[in-house]
Amino acid sequence: MGKTGKTIGRILGNAVTVFISLIVIIPLVVLFLNSFKTAGEANRMTLSLPKVWMFENYGKVIEQGKLLSSFLNGLMYAVFSVLIVVILVSAAAFVISRNQKGINRFLYYFIISGIAMPINNVALMKVMQALHLVNTRFGIILLYAAINIPLSLFLAYGFIGTIPREIDEAAVIDGCKPGQLFIRVIAPLLKPIVSTLFVLDFMSVWNDFTMPLYYLNNSRKWPMTLAVYNFFGAFEYSWNLVAADIILTLAPVLLVFIIGQKYIVGGVSAGSVKG
């Protein structure tokens, strides 16, 4: 009975996993197939293969939707804001984790309180205007970095806490200075959490809609999310073009996720072997 129950449990677990996976995958497959169909075929939104593969749909989307500039804008905002977050958070989490007394502990709780605090867009707009950062690429990059720092610090702090302090002591005995200790010893051990933060923050920035809507008034500076919104308003009845537009928007996120998963799993596996 015990083995039978475990077998049934595994089968049910696998069935639930497959079902949930299909819920996620099927809409993506529908979008992908319909992005190569004619407008008439795509209006049915079925899983059938296109009668004629319309590869030119993607060319129309890129040209008419002006997606190239939006893609570069979104990529710039995501990459640079995430780099700022990863560098600052990694260093701050190491310092706070290794010295939790006094001001460090206060700063940690003060920063991570931003996880639960809602964004006050009225006050934020005033601050952005005072610093002349409204409608600037630099301003939106700093804004995204500030928004993602609290959760990133919380995750990095927890990860660095699992790294034994004996490693620090051994490096100091060998003559490492604080900067060398972090760069040469600790930083290589942070690959799993850095990869995790890069994936999470990149997806958060790339998929965001509200911040550029509020703080970027120039359409030439819009990221992909606003470009898709604008494109859908103009071509809402051409579902083949809308599907192609959405696929182009999803592609970078999926690529970053797949690459990030590789580094996360590889880093964790290497850490397990060393442990």
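For the structure, check the block above.
Residues numbered from 1 in each chain as written. Predicted model: local features only at pLDDT ≥ 70, side-chain atom pairs only at ≥ 80, totals over all residues. Heavy atoms only, no water.

1. Observations concerning the pattern of salt bridges
- Under the definition given, this model contains one salt bridge.
- A salt bridge links Asp 168 to Arg 98; the shortest N-O distance between them is 2.5 Å. You can see Asp 168 sitting in helix α8 (residues 165-173) and its partner Arg 98 sitting in helix α4 (residues 67-98), a full 70 residues away along the chain. Accessibility assignment for this pair places Asp 168 and Arg 98 in one class, buried. (Salt bridge = Lys/Arg side-chain N within 4 Å of Asp/Glu carboxyl O. Helix = DSSP H or I, 4+ residues; strand = E, 2+ residues; numbered from the N terminus. Buried < 20%, exposed > 50% of the residue type's maximum accessible area, 1.4 Å probe, protein only.)

2. Focus: the nonpolar core
- Tyr 77, Ile 140, Leu 143, Ile 186, Leu 190 and Tyr 215 are the most contacted members of the largest nonpolar core, which totals 52 residues.
- The leading source of residues in this core is α4, at ten residues.
- Each residue touching Ile 140, except ones within four places of it in the same chain, is listed here: Tyr 77, Met 211, Pro 212, Tyr 215 and Leu 216. (Core = buried A, V, L, I, M, F, W, Y, C linked by side-chain atoms within 4.5 Å. Contact = heavy atoms within 4.5 Å.)

3. Description of a nonpolar patch on the surface
- Together, Val 16, Val 18, Phe 19, Ile 20, Leu 22, Ile 23, Val 24, Ile 25, Ile 26, Leu 28, Val 29 and Leu 47 line one region of the surface with nonpolar side chains, adding up to about 1,000 Å² of accessible area.
- Structurally, Ile 26 can be placed in helix α1 (residues 2-34).
- Using a relative accessible area of 37% as the deciding quantity, one classes Ile 26 as partly exposed. (Patch = residues over 30% accessible without salt bridge, like charges linked within 9 Å, V, L, I, M, F, W, Y side chains within 5 Å. Areas by Shrake-Rupley, 256 points an atom, 1.4 Å probe, with all protein chains shown as cover.)

4. A short note on the packing of aromatic side chains
- Throughout the structure, instances matching the rule amount to 14 aromatic pairs.
- On the basis of an interplanar angle of 65° and a centroid distance of 5.2 Å, the ring pair of Phe 36 and Phe 55 is categorised as edge-to-face. In this pair, Phe 36 sits in the loop between α1 and α2 (39-42) while Phe 55 sits in the loop between α2 and α3 (56-64), placing the two residues 19 residues apart along the sequence.
- Residue Phe 36 is classed as buried on the basis of its relative accessible area of 7%.
- Note on Tyr 108 and Tyr 109: the rings are 5.2 Å apart at their centroids and 70° apart in plane angle, and the pair reads as edge-to-face.
- Under the relative-accessibility criterion, Tyr 108 is labelled buried at 6%.
- Three or more aromatic residues joined by ring pairs form one cluster here, namely Phe 32, Phe 36, Trp 53, Phe 55 and Tyr 58. (Phe/Tyr/Trp six-rings, centres within 6.5 Å; stacked < 30°, edge-to-face > 60°.)

5. A look at unusual backbone geometry
- Within the chain, Met 45 stands out as a residue other than glycine whose phi angle is a positive 50°.
- Structurally, the position occupied by Met 45 is in the loop between α2 and α3.
- In this structure, His 132 takes a positive phi of about 55° despite not being glycine.
- Considering the arrangement of structural elements, one finds His 132 in the loop between α6 (121-130) and α7 (137-160).

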